[in-house]
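# Close look at the chain arrangement
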Amino acid sequence: MSLERLNSQYNAFITLHEIRGKDGPLSGLIFGVKDVIETSGVRTTAGSRILLENVPRRNALIVDRILSTGGTILGKTNTHEFAVGATNTSSVAGPARNPRDRDRISGGSSGGSAVAVALKMVDVGVGTDTGGSVRIPASLCGVIGFKPSYGLFPMSGVIPFSWSLDTLGFLTRDYETLWRVLMALTPAEGKKAYVRSPRTKLRVGVFLFNDSTKDLLEKVMEYFPQARPVNLPNMIRYGRWARRVIATSEGASYHLTWLRSKEEMYFPDVRDILKSGLSISAVDYVNALRLRKLILEEYISVFKDVDVIVSPTTRIPAPKISEVQGREKEFREDLVANTELFNLVGAPSISVPFLERDGLPLGLMISGEPYKDGVVLEVARQILAN
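Bear in mind that the values here come from a model prediction, so they are computed numbers and not experimental data.

### Quick notes on the pattern of salt bridges
Should the charged atoms of two oppositely charged side chains come close, the side chains can pair. Using the criterion set out here, one finds 20 salt bridges in the structure. Between R196 and E378 there is a salt bridge; the shortest N-O distance is 3.6 Å. Separated by 182 residues along the polypeptide, R196 in the loop between α5 (175-185) and β7 (204-206) and E378 in helix α13 (residues 373-385) bring together distant segments of the chain. Here E378 falls in the buried class, since its relative accessible area comes to 12%. Among the ionic pairs, R381 bridges to E378, the shortest N-O distance being 2.8 Å. Pair noted here: R381 and E378 are both in helix α13, with a separation of three residues, about one helical turn. Three or more residues joined by partner-sharing salt bridges are found here, namely R240, R243, R244, E333 and E340.

### A closer look at the sheet that holds strand β8 (residues 228-229)
Spatial ordering of the open sheet is given by β1-β3-β2-β4-β6-β5-β10-β11-β9-β7-β8, a layout of 11 strands whose pairing is mixed. The sheet terminates laterally at β1 (13-19) and β8, the two strands that pair on one side only. Bridge count between strand β10 (residues 349-357) and strand β11 (residues 360-367): eight bridges; the pairing is antiparallel. Opposite I350, over in β11, you have I366 as the bridge partner.

### Details of the nonpolar core
In this structure, F31, I37, I62, F170, I350 and I366 are the most contacted members of the largest nonpolar core, which totals 90 residues. For this core, the element with the highest residue contribution is helix α7 (residues 233-261), accounting for seven residues. Ignoring sequence-local partners within four residues, the contact set of I62 consists of I37, F153, L168, F170 and L185. Counting 17 residues, the second-largest nonpolar core is a separate cluster that includes A12, F13, A96 and A138.

### A few points about the pairing of β11
Among the eight residues in β11, eight count as buried, and that is most of the element. Covered by surrounding structure in β11 are L360, L362, L364 and I366 together with P361, G363, M365 and S367, the residues of both alternating faces. Pairing between strand β9 (residues 308-312) and β11: four bridges, direction antiparallel. Opposite S311, over in β11, you have M365 as the bridge partner. Hairpin connection of β10 to β11: two residues between the antiparallel strands, including D358 at a positive phi of 55°.

### Let's talk about unusual backbone geometry
Cis geometry marks the peptide bond from G108 to S109; its omega dihedral reads 15°. Looking at the secondary structure, you find S109 in the loop between β3 (72-77) and α3 (111-118). Phi at A46 takes a positive value of approximately 55°, unusual for a residue other than glycine. Looking at where A46 falls in the secondary structure, it is placed in the loop between β2 (30-34) and α2 (61-68). Residue classification places A46 among the buried residues on the basis of a relative accessible area of 0%. Of note, A83 is a non-glycine position whose phi angle comes to about 65°, a positive value. Positionally, A83 belongs in the loop between β3 and α3. The exposure class of A83 is buried, given its relative accessible area of 6%.

### Brief notes about the environment of V204
With respect to the helices, strands and loops of the structure, V204 is situated in strand β7. Judged by its relative accessible area of 6%, V204 falls in the buried class. Taking C-alpha positions, V204 is 6.0 Å from D307, a pair spaced 103 residues apart along the chain. Look past the residues within four positions of V204 in its chain and what remains in contact with it is F224, A227, R228, V306, V308 and V310.

Each value, and the rule that gives it
Residues numbered from 1 in each chain as written. Predicted model: local features only at pLDDT ≥ 70, side-chain atom pairs only at ≥ 80, totals over all residues. Heavy atoms only, no water. Salt bridge = Lys/Arg side-chain N within 4 Å of Asp/Glu carboxyl O. Helix = DSSP H or I, 4+ residues; strand = E, 2+ residues; numbered from the N terminus. Buried < 20%, exposed > 50% of the residue type's maximum accessible area, 1.4 Å probe, protein only. Pairing = 2+ DSSP bridges. Core = buried A, V, L, I, M, F, W, Y, C linked by side-chain atoms within 4.5 Å. Contact = heavy atoms within 4.5 Å.

Structure representation (structure tokens):
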């Protein structure tokens, strides 16, 4: 099947436009780049009618890095509008469709990148993650999705949702490709984050959010019989409120001019999220930042006793598009519930294919101490090797 025809069925790409890189360590690898990442001379729509004809004059730093190390970019992958959503149903290209079942969502907001990887249209999907936007579609589409520690990759040339939460992320079908990409693309000063633990036996903590994923816990215990429960009461009690105050306040700040002049051009669910940020007080924003510090201190203290935390990536497998459209807010709550807390603390976090429920994939999430990405990746490698 031709690439164009496959894309017409799954909406993985908003724009197909090949950009060839130089020779280098990533030669032979094909990338799909989320359409919030600027590409010189190739339109960057952010999945929005507002930027439908936007053609940047520069590349994002990550695009320059891909091309200079030998990667080839196939095009711009589908995204929930402005990366403000978890379902990838609100996009100028239409919903990105799940590779297992075209009637189901891909998850988002980096849904097109996950679909393109799962369908072998590309080897690597580049996405962004503010509350789970790489890991959620990885879980729902049955691929690997890695969110590095906050700040490990520069965000220059990436249309922001929330400056203090956004990270780049990568989706692949296998661990070896992910490692190759990280070694080539990570700035030199950031590579120390990939040092692996000197321990021969890593200590694993289990963090469950509710009882809907008991089947996942049982399988986790097969891999890690000595795993111990992890308790993060402040993160559970305050984390979601704090992250959402920060994200929506910063999102509203970036979108302020368009919200005043082009409000009707947004998809309703995206407009409502961004407008909610306009009503957040400076006091609430400051309190959210203070809580973030408290939660980070609690989170780091856990790693005296464990090396990584494992938890379900998503509570549910991919629902049908027809069930989600018009109810994006409701489904967003379910989809980000497990992932967003690790953005708040800037932690490295990876979703790996782990379980199937009713024939649909669900991921296992491995998260760690900030800037100890190598420990997280080592546990992911062990799981994927079994």
